[in-house]
Amino acid sequence: MTGTPVAVSLEPELLAGAVAERVAGGQRFVGLFASAHDDGSTVIRALLARRGSLDVVEAHLGPGADEYPALTPLVPPAAWYEREIHDLFGIEPVGHPRLDPLVLPLDPNEQWRPRPGAFRPNDTFRPELDLSALPGHVAGEGLFTIPYGPVRSGIFEAVEYLVETFGEDIPHLRTRVYYKHRGIERRFGDLGFDDGVLLAERVEGTASVAHAMAFCHALETLAGIEAPRRAALVRVVHAELERVASHLDSVIRHCEGAGQAVAYARMTLHKERVQRLRARLCGHRFGRGVVVPGGVAGPPLITPDEALRALGALEHDIAGDASSLMDTPSFLDRLRGTGVISSEVAAVHGALGPVGRGSGRTEDVRVERPYGAYGFLGFEPAEASDGGDALARQRVRLHEITAAFHLAREALDELGEERDDAPWRRQVPATDGVGFGWVEAPQGELVYLVEVEAGRLMRVKPRSASFHNLALFPRCFGGDILTDFAFIEASFGLSIAGVSG
Amino acid sequence: MAWVLRGLREGIVTTAYPRTADDYGASFRGSISVLGAGTELSPDGHSTADERDSGIASLCPTGAIEERLGEVTVDGGRCILCGRCVEARPDRFAFEPSPEVARLHRAGLVVPARLESDEELDRLRAELRHRVRTLRRSVHVRHVDAGSDGSEEWEVAALLNPVYDVQRLGIFFTASPRHADLLLVSGTATEGMAGPLRTTYDAMPHPKLVLAAGTDAISGGLVGSGYVTRDGIGSVVPVDVFVPGSPPSPFSLLHGILLAIGLLPGSVAR
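Residues numbered from 1 in each chain as written. Chains lettered and ligands numbered in written order. Predicted model: local features only at pLDDT ≥ 70, side-chain atom pairs only at ≥ 80, totals over all residues.

1. So, the overall build of chain A
- What chain A contains, in helices and strands, is 16 helices and 14 strands.
- Relative to the globule expectation of 23 Å for 501 residues, the C-alpha radius of gyration of chain A, 22 Å, shows essentially globular dimensions.
- Dimensions of chain A, computed from C-alpha atoms along their principal axes, come out at roughly 60 × 60 × 45 Å.
- When each of the 501 residues of chain A is scored for burial, the buried share is 57%.
- Contacts in chain A between residues at least 24 apart in sequence constitute 69% of all its contacts with a sequence separation of at least 6. (Helix = DSSP H or I, 4+ residues; strand = E, 2+ residues; numbered from the N terminus. Rg over C-alpha atoms; globule rule 2.2 N^0.38 Å. Buried ≥ 20, exposed ≤ 12 C-beta atoms within 10 Å, placed from the backbone. Contact = placed C-beta atoms within 7 Å.)

2. Description of the domain arrangement of chain A
All names here are of chain A.
- For chain A, the assigned domains read domain 1 (6-132) and domain 2 (197-492).
- On a C-alpha basis, the centres of domain 1 and domain 2 stand 27 Å from each other.
- Taken together, the contact pairs 19 residues of domain 1 with 17 residues of domain 2.
- Listed by contribution, the elements that provide at least two residues to the side of domain 1 that touches domain 2 are β2 (28-36), β3 (42-50), β4 (53-61) and α2 (79-89). (Domains from an automatic or database assignment.)

3. Thoughts on the sheet that holds strand β7 (residues 171-173) of chain B
Residue and element names in this part refer to chain B.
- Taken in spatial order, the five strands make up an open sheet running β7-β6-β8-β9-β10, and their pairing is parallel. Edge positions in the open sheet fall to β7 and β10 (241-243), since each of these has one partner strand only. Taken pair by pair, the neighbouring strands of this sheet meet at an average axis angle of 25 degrees, ignoring direction.
- The pairing of strand β6 (residues 139-145) with β7 spans three bridges and is parallel. Among the inter-strand pairings, Val139 is bridged to a residue of β7, identified as Ile171.
- Across the sheet, helix α8 (residues 250-260) lies against β6, β7, β8 (182-186), β9 (209-213) and β10, angled at about 170 degrees from β10, the strand it touches most. (Pairing = 2+ DSSP bridges. Axes fitted to C-alpha atoms, helices over the stretch in contact; angles between N-to-C directions.)

4. Considerations on the interface of chain B and chain A
- Each partner contributes to the interface: chain B provides 47 residues, whereas chain A provides 49 residues.
- Mapped onto the side of chain B that touches chain A, the elements with two or more residues apiece are α1 (2-9), β6, α5 (151-158) and α6 (191-203) of chain B.
- When its residues are assigned to classes, the side of chain B that touches chain A shows 24 nonpolar, 17 polar and six charged. (Nonpolar A, V, L, I, M, F, W, Y, C, P; charged D, E, K, R; others polar.)

5. Comments concerning the domain arrangement of chain B
All names here are of chain B.
- Splitting chain B by domain gives domain 1 (31-96) and domain 2 (120-268).
- When each unit is reduced to the centre of its C-alpha atoms, the spacing between domain 1 and domain 2 is 28 Å.
- Between domain 1 and domain 2, the residue contacts involve nine residues of the former and nine residues of the latter.
- Partitioning the side of domain 1 that touches domain 2 into residue classes produces four nonpolar, four polar and one charged.

6. A word on unusual backbone geometry
- Here the amide bond leading from B:His206 into B:Pro207 is cis, since omega sits at -5 degrees, within 30 degrees of zero.
- With respect to the secondary-structure elements, B:Pro207 resides in the loop between α6 and β9.
- Residue B:Pro247 follows B:Ser246 across a cis peptide bond; omega there is -5 degrees.
- Secondary-structure assignment places B:Pro247 in the loop between β10 and α8.
- One non-glycine residue, A:Asp190, lies in positive phi territory at about 70 degrees.
- Positionally, A:Asp190 belongs in the loop between α3 (184-187) and α4 (193-200).
- Despite not being glycine, B:Asp165 shows a phi value in the positive range, around 40 degrees.
- Here B:Asp165 is to be found in the loop between α5 and β7.

What follows is the structure, encoded as structure tokens:
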């Protein structure tokens, strides 16, 4: 297991400089999270990745303090995090270049803020929202805005993209994710551990296993325990199948956009079979209920041998179709050169998961800060590609599908050799404090901050890779036209639920 | 050409449902049933209260279990199928292995069924049958996400894969609400989506139907009522069909759509 994060406490005025210094020194900016306390004070924590663990740089804002010098001018990827903190806590990052609402568009006169972390048992207040259009940022003759969403054309999550265009080129694009803000972070307040994991599974429903794992890792590190070895192996099987399903979903959206009818049918069939295998293993098509604090709920419903046979058939079928797909010129033409993110942009922003690995980033949490069974299973990360386009991201995903099957097989092999009387779950003693958990979700690095007091959850902050990566989305329309939109969106493979909170 | 062969080699994978039951569907955990209840009730409403059942309601994280005078009920519209009750009290609760969980009546999701709702159900069914008489050959579905966790969208999209292949039943997804007969809504109806959801509903021509897809859409589920969420979509649009599940499986969604347009074989159209 990897080390516990080390926290450094600073005056709010020094936060931005300290974080910028560490980023300049080669650490990757992971995120900026706030927690409210009952006395009206707030803690702001910046997370920075290094090999082996995370570093935490934190600043305390006393009761009534409602501003601090913004990080964004020095650390650009903090922009969305500071907008979110402004929405949820009413704290102003002074010097932020564009403090538009991100997840909660409150009426400008509204003083109330959800302030997750501060416990208010009977607060049934419902604030006034202002959903009217944000002002335009690009002006010019013949320029107009196409609103995509929030009710999209097709089966999509609710999000609005405002595409500013002359008709073909897309000089500017804005993203509005607040339509489906559910107030999830405050909902965690005062839950017990077992209820907390059920909610974590529903933060980003297509990455339920990853969220449950990251949440449980945070609780387990805080309590100083580890899940039993065979529970860790079962977690890997489910996490990797989830990755296969999620990557297939991205491939499917590409096929749909490119009008590849047979490939679309084939890939949707494979995805259905993956979901069914997950249900055979645990009774749920999304692996919900498997990961619990301290281990897993129980043994898989089928034997490792049965699971291995099913895996082998699936892997063979998917590999065959994937290689045909990557040989189909009419498909590749749509992806090549589409939605380019340069390796410089990816490096500055710290792009995560397949989006980052398509643009030359090599970070993979499974290697950088190994957790659970990834520490002892032989895992070689897929090689990063520096193409930066939708095709590079597609290649990364296809490689990762192969690697995921390999990992799941290895975990099942090990599982077959475990003793029958080994435990599935350990008790997680209630320990007060702040814990961090992380996993490589299908979309990339997922981080959980968990604050516990007297066995109850005071503050839970999930940070999905979707949240971090979506900020990059408007940055890759440079040379692209309207009809490329579907491919760029599919190649990001994001979940809006994980962004809007 | 290679693609055509790849497709053909697989053979037929499409389910025969609803013409005949499907093995996978029939093995799927669809709902929770209450064991040993409903039968001991004496005619005057007094019951042999089982003392072990006191406090049984607190097992459920979403408040789906209710205990009154020894009678225990589970509200499928609140249940997220976490299985905590089955694990703690296998003598009282069990997973019901059927995906046919859609109902035309909110109260119909409560098990064991309350008999008095039958008359109401007949009235509802007759009214619905009259309303959807023009939709029997083909129905166009418009999906709206009103605050889901993202998994419902996967299950809705799965209806288009070759296994479920809903086009064979005359079910089509459409982009424009102007072409839609059935509004399929996932998610808990957030403050932000209430307006767009209502606008979509208003834009649909008559006759129109609303299907609440998933426990979140029916009751708010685990997310529940908060500062920007409410207890399901019922306060924004009138719901005709309730499909519980977290998320509902594609078979359950298909059951719900067929139930709504009256295309189910009689035995399953409860």
